[in-house]
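Here's the letter readout for the chains.
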Amino acid sequence: MILTKSRIDLFELNPYEPCPCDSGAKFKFCCYKKAKASKPKRIIDLSYSDGRIHNFVKQFWEKTDFHTCFAFNKEECDDLIKSAHSIQNNRILNRISKDGHLYTISSTGTKEGPVSYLNKISRNKASTFFGFCNIHDTELFRPIEKKEYIGESIQNFLFAFRAHAIEHHKKLRKLNSQKNIFIEFPFTMLEKEHIYVYRVAQLDVRDCSVDYKVFKKDYSNANFDNFRTLYRKLDFEVSFAACSSFAVEYDLEGNIMNDIYSVGYEHMPSIYVNVYPTSGGTNILLSYHLNNDGTYKNYFDQLEKLKNEDLLKYLNFLLIQYTENIFFDPSFIENLSEKQKNSLLKSFDSSIYPIEKAILISEGSYYKFNLFEKNMDKSDS
Ligand SMILES: [Zn+2]
Ligand SMILES: [Zn+2]
């Protein structure tokens, strides 16, 4: 569906728009009656224990999952869709795992509302998503899987594309999640806050589809030079790895680049971010597509001028603000003080709940941790 200003209302479903239950019928002739007749009730029963709420939220999210292959030449796809790693398992995740485990930041529900926590998971599951078939997961990414990063155009393209793919998949799941709420709790189809979440999810998916087409076109033309990539190499290993894409709100001078809270009708382009340790060092790759010079050129000019030390301070903020796809060495997390752990989780939450930011700043615990500490286990000097 094309969302245009004339067709979209942020807080109301149009009677003639496709029903969010995906039946293909118009809302008015599909779930509208059901929505009118269904009684409002709590989606999460507050008489449940936190453990039961956690399981409910987890199962609800699992129901949104789906298999696809984001590769461009679909006729070559294998039937098997793999649980593909967005961050390499054998060359990157193994560097930061202990006994096959690492940490990530997860969210769950409680009686008091959503909370984030440090979640210890198997590295075989870390950063995975059902976004590539068996063949493409291997073939498409060969130039970055089997070879060190040496700044080739195709490598820059593939790092950006994989960061795109995992976020694209997640945005589709978030849209599924709201659709499932509509289906299970039809009264929500008439509730402003749910429709707003649905609209944001639709617009996010639309933005991803626009970006995807650009990747596809470049790939079909074997034109891999359309990304501006800022590359820095650190001479020590960090204790985390991240792979993500997102639209950045402000540049380094505080100018607005994407108004992410206004739910605009403009396409919001993403930047692509990969940070990961290699043997004895760390690679940092930030990029955007040159189609989006209008949005990101000045920003990247500013970033390029930063000395490593300042770039790292900035990335410490940027990664936690915009990424969920980040994984930590257990010893890094276990060596944080309670105050630092709290700051990490609350700073992460503050990206979703702006009120948290005000509280953290007043407590002096806003971003009081350093992701870019040298991984002491990996330094032999
Ligand atoms: Zn329907
Ligand atoms: Zn495929």
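Further up the page is the structure itself.
What comes next is a walk through the structure. Everything numeric here is computed off the predicted structure, so don't read it as measured data. (Residues numbered from 1 in each chain as written. Chains lettered and ligands numbered in written order. Predicted model: local features only at pLDDT ≥ 70, side-chain atom pairs only at ≥ 80, totals over all residues. Heavy atoms only, no water.)

Here's the deal with the overall build of the protein
And step 1. Regarding its fold elements, the protein presents eleven helices and nine strands.
And step 2. The C-alpha radius of gyration computed for the protein amounts to 21 Å, which stays within 12% of the reference 21 Å derived for 381 residues, consistent with globular compactness.
And step 3. With the C-alpha coordinates aligned to their principal axes, the bounding extent of the protein is approximately 70 × 50 × 45 Å.
And step 4. Counting every position in the protein, which comprises 381 residues, the buried fraction comes to 50%.
And step 5. Of the roughly 18700 Å² of accessible surface on the protein, 51% is carried by carbon and sulfur atoms.
And step 6. Between the centroid of the 51 positive side chains of the protein and the centroid of its 50 negative side chains there is a distance of 4 Å. (Helix = DSSP H or I, 4+ residues; strand = E, 2+ residues; numbered from the N terminus. Rg over C-alpha atoms; globule rule 2.2 N^0.38 Å. Buried < 20%, exposed > 50% of the residue type's maximum accessible area, 1.4 Å probe, protein only. Areas by Shrake-Rupley, 256 points an atom, 1.4 Å probe, with all protein chains shown as cover. Lys, Arg positive; Asp, Glu negative; His and termini not counted. Charge placed at Lys NZ, Arg CZ, Asp CG, Glu CD.)

A closer look at the coordination of the zinc ion (ligand 2)
And step 1. Binding of the zinc ion (ligand 2) to the protein goes through Cys69 (SG), Cys77 (SG), Cys133 (SG) and His136 (ND1), at separations of 2.0 to 2.3 Å.
And step 2. Coordination at the zinc ion (ligand 2) comes from four donor atoms whose angles at the metal span 98 to 120°, giving a geometry best classed as tetrahedral.
And step 3. Along the chain, the residues donating to the zinc ion (ligand 2) are arranged with the sequence spacing C-x7-C-x55-C-x2-H. Separated by 56 residues along the polypeptide, Cys77 in the loop between helix 2 (50-62) and strand 1 (81-85) and Cys133 in strand 4 (residues 128-133) bring together distant segments of the chain.
And step 4. Relative accessible area serves as the criterion here: at 26%, Cys77 is assigned to the partly exposed category. (Donors = N, O, S within 2.8 Å, 3.2 Å for Na, K, Ca; no water. Tetrahedral: all angles 85-135°; square planar, octahedral: opposite > 155°, others 65-115°.)

Some points on helix 10 (residues 338-350)
And step 1. For helix 10, built from 13 residues, the straight-helix expectation of 18 Å at 1.5 Å per residue is met to within 8% by its first-to-last C-alpha distance of 18 Å.
And step 2. Among the residues making up helix 10, those that are buried are Lys341, Ser343, Leu344, Leu345, Ser347, Phe348, Asp349 and Ser350.
And step 3. Contacts made by the buried residues of helix 10 are with strand 2 (101-110), strand 3 (113-122), helix 8 (308-322), helix 9 (330-334) and helix 11 (354-363). (Expected span 1.5 Å × (residues − 1). Contact = heavy atoms within 4.5 Å.)

What about the coordination of the zinc ion (ligand 1)?
And step 1. On the protein side, the zinc ion (ligand 1) has Cys19 (SG), Cys21 (SG), Cys30 (SG) and Cys31 (SG) as donor atoms, found 2.2 to 2.3 Å from it.
And step 2. Seen from the zinc ion (ligand 1), its four donor atoms lie at angles of 103 to 116°, and the figure they make is tetrahedral.
And step 3. In terms of primary sequence, the donors binding the zinc ion (ligand 1) are separated according to C-x1-C-x8-C-C. Of this pair, Cys19 sits in the segment before helix 1 (32-37) while Cys31 sits in the segment before helix 1, and the two are twelve residues apart along the sequence.
And step 4. The exposure class of Cys19 is buried, given its relative accessible area of 2%.

Concerning the packing of helix 2 against helix 5 (residues 153-184)
Two quantities define a packed helix pair, namely the angle between the axes and the distance from one axis to the other.
And step 1. For the pair helix 2 and helix 5, the least separation of the axes is 9 Å and the interaxial angle reads 110°. By the criterion of interaxial angle, the relationship of helix 2 to helix 5 is roughly perpendicular. Of the residues in helix 5, those in contact with Phe60, Trp61 and Glu62 of helix 2 are Lys170, Arg173, Lys174, Ser177, Asn180, Ile181 and Glu184.
And step 2. Taken together, the residues of the contact of helix 2 with helix 5 sort by class into three nonpolar, two polar and five charged. (Axes fitted to C-alpha atoms, helices over the stretch in contact; angles between N-to-C directions. Parallel < 35°, antiparallel > 145°, perpendicular 65-115°, else oblique. Nonpolar A, V, L, I, M, F, W, Y, C, P; charged D, E, K, R; others polar.)

Here we look at the side chain of Arg123
And step 1. Along the chain, Arg123 turns up in the loop between strand 3 and strand 4.
And step 2. This buried residue, Arg123, is left without a salt bridge; Asp99 holds the nearest opposite charge, at 9.9 Å.
And step 3. A distance of 2.7 Å separates polar atoms of two side chains, one belonging to Arg123 and the other to Asn89.
And step 4. Setting aside chain neighbours within four positions, we find Arg123 in contact with His85, Asn89, Asn90, Leu93, Asn94, Ser97, Gly100, His101 and Leu102. (Salt bridge = Lys/Arg side-chain N within 4 Å of Asp/Glu carboxyl O. Polar contact = N/O pair within 3.5 Å; in protein donor to acceptor, adjacent residues only side chain to side chain.)

What about the sheet that holds strand 2?
And step 1. Reading across the sheet, the seven strands line up as 3-2-9-6-7-8-5 and stay open at both edges, with antiparallel pairing between neighbours. A single partner strand is all that each edge strand has here, and the edge strands are strand 3 and strand 5 (227-234). The average undirected angle you get between the axes of adjacent strands in this sheet is 20°.
And step 2. Where strand 2 and strand 3 come together, ten bridges link them in antiparallel fashion. Note that in strand 3 the partner of Ser107 across the bridge is Ser116.
And step 3. Contacts from helix 2 reach strand 2 and strand 3, with the element oriented near 105° to strand 2.
And step 4. Contacting strand 5, strand 6 (240-246), strand 7 (271-278) and strand 8 (281-289), helix 7 (residues 293-305) crosses the sheet at an angle of about 20° to strand 5. (Pairing = 2+ DSSP bridges.)

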